[in-house]
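Fold and contact review
Okay, here's what each chain looks like letter by letter:
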Amino acid sequence: MRDEPVFRWKQCLIIRNDIKMSCGKKCAQVAHAAIGAYEHAAKDVKKAWMSEGQKKVVLKVNGERPLFELKAAAEMAGISCSLIQDAGLTEIPPGTITALGLGPAKSDDLDRITGGLQLL
């Protein structure tokens with residue numbers, strides 16, 4: 001039996017679970033968060049994460065406030081982040097905060113910030 005790979009780097013994508021969004025809408029918001037956070041990461045971090053296979057974990061929160069708290073904690077830890085605000089063209093009102101992307105960053109650092117969250 002093969003050993004599971006060890007991922008030293010990952011990206012955490014957090015979606016609000018308290019907003020009524022279709023599955024497709026949630027996927028689009030998480031995709032926006034992933035790209036936004038990646039663009040803010042340092043070049044060496046991007047390279048390390050890419051070389052490992054780009055591990056991503058999708059988590060959920062109930063409410064806007066937890067996203068802001070997670071963003072603040074990530075910024076204090078020097079982790080790239082991207083808070084997503086919807087344009088309101090389809091399912092939800094304009095300006096609604098929907099998702100947060102964190103990293104890529106070291107898995108241990110992200111676990112200290114997101115370890116208490118549930119998977120989507």
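Above: the structure in question.
Please read these numbers as outputs of a predicted model, since none were measured by experiment. (Residues numbered from 1 in each chain as written. Predicted model: local features only at pLDDT ≥ 70, side-chain atom pairs only at ≥ 80, totals over all residues. Heavy atoms only, no water.)

Re the environment of Ala42
Structurally, Ala42 can be placed in the loop between helix H1 (23-40) and helix H2 (43-52). Linking Ala42 and Ser80, residues 38 residues apart in sequence, is a C-alpha distance of 8.2 Å. (Helix = DSSP H or I, 4+ residues; strand = E, 2+ residues; numbered from the N terminus.)

Remarks on the packing of aromatic side chains
All chains considered together, the criterion is met by one aromatic pair. Sitting above the plane of the Tyr38 ring, Lys46 keeps its charged end 4.8 Å from the centroid. (Phe/Tyr/Trp six-rings, centres within 6.5 Å; stacked < 30°, edge-to-face > 60°. Lys NZ or Arg CZ within 6 Å of the ring centre and 35° of its normal.)

Describing the sheet that holds strand E3 (residues 81-85)
On the basis of which strands lie adjacent, the open sheet formed by five strands has the order E3-E4-E1-E2-E5 and mixed pairing. Each edge of the open sheet carries a strand with a single partner, namely E3 and strand E5 (118-119). By the bridge criterion, five bridges tie E3 to strand E4 (residues 97-106) in an arrangement that is antiparallel. In the strand pairing of E4, Cys81 is matched with Leu102. Sheet contacts for H1: strand E1 (9-16), strand E2 (56-61), E3 and E4; angle to E4, the most-contacted strand, approximately 40 degrees. (Pairing = 2+ DSSP bridges. Contact = heavy atoms within 4.5 Å. Axes fitted to C-alpha atoms, helices over the stretch in contact; angles between N-to-C directions.)

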